[in-house]
Amino acid sequence: MTEVTLSNVVKYYGKHRAVHGINLAINDGEFVVLVGPSGCGKSTTLRMIAGLEDISDGEVTIAGRVVNDLPPRERNISMVFQNYALYPHMTVRENLGFSLVIAKADEAAIAKAVDEAAEILGLNELMDRKPAELSGGQRQRVAMGRAIVRHPDVFLFDEPLSNLDAKLRTQMRVEIKKLHQRVGNTIIYVTHDQVEAMTLADRIVLMQDGHIVQVGTPLELFNKPNNTFVATFIGSPPMNLVDGKVVGAETIELYGGLSVPVPAAARGLISDGQHVKFGFRADNLMPVGHSVQEEGEKADLELKVTLTEPLGTETVLFTEIAGNEVQAKMLNPRPVRPGEVLKFQLMLDKCHVFDAASAEAIRG
Amino acid sequence: MTRRRLPEWFVLLLPAFIVIAAVVLIPLIFSLYSSFTPYKLTRPSTLWKWVGTFNYEKILSDAKFWSAFGRTVLFLTIVLNLELLLGLGIALMMNKVTWGQRTLRTILMFPMMFSPILVGFQFKFIFNDNIGLVNNVLQSLGSDAALPWLVDGKLAMFSIIFAEIWMSTSVFAILILAGLFAMPRDPLEAAKVDGCTAWQTFRHITLPFLMPFIYIAMTIRSLDVARAYDIVQIMTGGGPARRTELLWTLMSRTGYVDARMGLANAMGYVSIILSILFTVYFFRKLSAARGQIGMAG
């Protein structure tokens, strides 16, 4: 069993504190994605697990063993780097087998493990080429092959897809997920791309400024964001946030005059006069006749469309509520002219209320 | 009245042709020609006497020439290898320095800033058997032997090699350091994760990457050392009794002391083969090493 745990892990660079006491327990075979904007400490955290950065304070364990003072080679991990980090002077075959050669495995075992990895990743044709003769996607696959050859306890991925073009990225994403389903190892994966996080993760760890903001399954983070940062980071387009004020116990008055009822989840948890941010996703604001028919509380709004982004199956409509730019979605789209006024329905059950001062979600 | 005019391109290139002819072509042809004559500086008329390959035949059967030739090859081999090892060591250590590295790099270049003649004088003093620094230190440490540093054949070679290495190791150090700076960090980290110890990382990842830089330094230095003259001339003059005679001290003695310029030129042409061989060898190695690490060959 290869659990990975981090307890109160801290990283200092000089006097700058890059990671502030992180606690995290990763289960055996789990695919965990560390995601966050650049500079949030996710890569540093990964590199501390790998042993490439010293751990300033706290404890990291892999498979029940404290690894703080072990060099990377004694942690039984393998890592896939953003720039692939292939050995330029070795062929694909040599790259794949290198760790086993270093471990003094016998030749037959090396050949077998290398062929196996090549089979899994479809590298058979490329075995005698040098990295310089490979495309980006091929290099990435070699890097992954190099990682699986060793049968490590844990795979670490450091933004492995960010150097690939969009199409290849989607393709490789699927391959990584397949790889995980096939080998079943624990994977810790760092990315700044929330789509990668959503699609790959069993559990997402969202980080900001060296802190963990929220840990949960992709749908938990999507449906129940802890604060406005999570709400706007996860999901595309980001959640709409409109400033407002609670009036009485049942109504939120959005600045600019529009009023909406308090969503059921927040009822009773807010007080009269409290400043809040009212949040909802584009999927929950749809023009009448172009929405999903769902039961539940709804509010009717008449809004002027300022910009459209047709995507085929849906069109993203830009509009304004109380002076804030807001995005809505139109299913089965018809052409919409900028300036057109449409009737929208807001699914109140799916709306969120955040405290304006703390940015924390108000939810029962 | 039409004058035939030379084509424009020719006129434009003419100055370059003239300069190259004056400084390269004519001396080259002249020296090649004179190597087939018994040309003596003291008797200019000998320049017009053609003796065919007589000089070359004489050289090929001349034990003094071949011992100077062999000594030069030995000198080259020892100096290049030691400079490589020391330079590599210095570069690796410099690469670890985090504070004051620029200053250190400048200091490292100091020996190269001296004229080789001065370096020769400096070491001539240091190794002097009578008043020299080394023997004085040895004596004050209780040894009563005055070692004949520049007189004994082996010690004299050692002293010259020491001076040469002192002066030029930084060529290797600087070029290898440049290689280390250019080295991508990722493969080093990948090697750590793949289970390499520090030595294995160096052996399997760092060194292959540095090889092109090493061969560039080798090429430059082999040409440099093959024409070693100044330090040797100052420190021992090729002596005593030709025990430190290298090709260039032999040639200059033959040409200017004995005034047998025809013979000296013939020696020059034979010994150039040495430099060409070394250069070709290192260039081959260089492009192979570049191909290895995926640089355009």
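Figured I'd write up the structure that's included with this text. Worth saying up front: this structure is predicted, and the values here are computed from it rather than measured.

As a further point, take the overall build of chain B. Assigned secondary structure in chain B consists of 12 helices and 0 strands. Written out in order from the N terminus, the α and β elements of chain B read α-α-α-α-α-α-α-α-α-α-α-α. In terms of overall size, chain B is more extended than a compact globule, its C-alpha atoms giving a radius of gyration of 24 Å where 297 residues would be expected to give roughly 19 Å. Overall, the C-alpha framework of chain B stretches about 75 × 75 × 35 Å when taken along its three principal axes. Relative to its full complement of 297 residues, chain B shows a buried share of 42%. A separation threshold of at least 6 residues defines the contact pool for chain B, and within that pool the share at least 24 residues apart is 65%. In the structure as shown, chain B presents an accessible area of about 16,700 Å², 69% of it carried by carbon and sulfur atoms. When the 26 basic and 15 acidic side-chain charges of chain B are each reduced to a single mean position, those positions are 8 Å apart.

As a further point, take the interface of chain A and chain B. Every contact between the two is made by 22 residues of chain A and, on the other side, 20 residues of chain B. With both chains or domains summed, chain A and chain B bury close to 1,900 Å², and 60% of this area falls on carbon and sulfur atoms. On the chain A side of the contact with chain B, R73(A), H89(A) and I102(A) bury the most area, a combined 30% of that side's loss. Across the chain A-chain B interface, the total number found is 1 salt bridge. Between R47(A) and E189(B) there is a salt bridge; the shortest N-O distance is 2.5 Å. There are 7 residue pairs in polar contact (both at pLDDT 80 or more) connecting chain A and chain B. Broken down by secondary-structure element, the contributors of at least two residues to the side of chain A that touches chain B are β6 (77-80) and α2 (92-102) of chain A. Tallied by class, the residues present in the side of chain A that touches chain B amount to 13 nonpolar, 4 polar and 5 charged.

In terms of nonpolar packing, the biggest core is built from 57 residues, with F65(B), F75(B), I176(B) and M235(B) touching the most fellow members. Where this core is concerned, the elements lending two or more residues are α2 (54-60), α3 (63-96), α5 (116-126), α7 (153-182), α9 (198-226), α10 (230-235), α11 (247-257) and α12 (261-292) of chain B. Not counting residues within four places of it along the chain, the set of residues in contact with I176(B) comprises L84(B), G87(B), L88(B), A91(B), L210(B) and I214(B). V114(A), M127(A), Y189(A) and V230(A) belong to the second largest nonpolar core, which has 45 residues in total.

A few words on the sheet that holds strand β15 (residues 285-287) of chain A. Residue and element names in this part refer to chain A. Strand order in the open sheet made by the 5 strands is β15-β19-β16-β17-β18, with antiparallel pairing throughout. Strands at the two margins of the open sheet, each flanked by one partner only, are β15 and β18 (324-331). Between one strand axis and the next, the sheet turns through 50° on average, direction left out of account. Bridging between strand β17 (residues 314-321) and β18 involves 8 bridges; their strand directions are antiparallel. Paired with I321 across the strands is N324, a residue of β18.

Residues and elements named next belong to chain A. Note that the residue after S236, namely P237, is joined by a cis bond; omega there is -5°. In this structure, P237 sits in the loop between α8 (228-233) and β11 (240-247). Positive phi, close to 50°, is recorded for A322, a residue that is not glycine. Assignment of secondary structure puts A322 in the loop between β17 and β18. Here the phi dihedral of A359 falls at roughly 70°; this positive angle occurs in a residue that is not glycine. Within the secondary structure, A359 sits in the segment after β20 (352-355).

This part covers helix α1 (residues 42-50) of chain A. Residues and elements named next belong to chain A. Here α1 lies mainly inside the structure; 8 of its 9 residues are buried. The complete set of buried residues in α1 reads K42, T44, T45, L46, R47, M48, I49 and A50. Following α1 by one or two positions, G51 has its phi on the positive side, about 95°.

A few words on the sheet that holds strand β1 (residues 4-13) of chain A. Residue and element names in this part refer to chain A. Spatial ordering of the open sheet is given by β2-β1-β4-β5, a layout of 4 strands whose pairing is antiparallel. The sheet terminates laterally at β2 (16-26) and β5 (65-66), the two strands that pair on one side only. Judged from the 5 bridges that link them, β1 and strand β4 (residues 57-62) form a sheet pairing that is antiparallel. Counted as the bridge partner of V4 is I62 from β4.

What follows concerns the pattern of salt bridges. For the structure shown, the criterion picks out 19 salt bridges over all chains. Of the charged contacts in the structure, one is a salt bridge between R93(A) and D128(A), with a shortest N-O distance of 3.9 Å. In this pair, R93(A) is assigned in helix α2 and D128(A) in the loop between α3 (107-121) and α4 (136-149), connecting sequence segments 35 residues apart. Owing to a relative accessible area of 37%, R93(A) belongs among the partly exposed residues under this scheme. We classify D128(A) as exposed; its relative accessible area is 59%. Overlapping salt bridges bring together K11(A), R47(A), E53(A), R185(B) and E189(B) as one network.

All names here are of chain A. Looking at the secondary structure, you find I55 in the loop between α1 and β4. Sequence separation between I55 and L241 is 186 residues, and the spatial gap between their C-alpha atoms is 38 Å. Leave out the neighbours within four places in its chain, and I55 touches V9, V10, M48, V60 and N68.

Reading the values: rules and limits
- Residues numbered from 1 in each chain as written.
- Chains lettered and ligands numbered in written order.
- Predicted model: local features only at pLDDT ≥ 70, side-chain atom pairs only at ≥ 80, totals over all residues.
- Heavy atoms only, no water.
- Helix = DSSP H or I, 4+ residues; strand = E, 2+ residues; numbered from the N terminus.
- Rg over C-alpha atoms; globule rule 2.2 N^0.38 Å.
- Buried < 20%, exposed > 50% of the residue type's maximum accessible area, 1.4 Å probe, protein only.
- Contact = heavy atoms within 4.5 Å.
- Areas by Shrake-Rupley, 256 points an atom, 1.4 Å probe, with all protein chains shown as cover.
- Lys, Arg positive; Asp, Glu negative; His and termini not counted.
- Charge placed at Lys NZ, Arg CZ, Asp CG, Glu CD.
- Buried area = accessible area lost by both parts, 1.4 Å probe.
- Salt bridge = Lys/Arg side-chain N within 4 Å of Asp/Glu carboxyl O.
- Polar contact = N/O pair within 3.5 Å; in protein donor to acceptor, adjacent residues only side chain to side chain.
- Nonpolar A, V, L, I, M, F, W, Y, C, P; charged D, E, K, R; others polar.
- Core = buried A, V, L, I, M, F, W, Y, C linked by side-chain atoms within 4.5 Å.
- Pairing = 2+ DSSP bridges.
- Axes fitted to C-alpha atoms, helices over the stretch in contact; angles between N-to-C directions.

These figures capture arrangement, not role.
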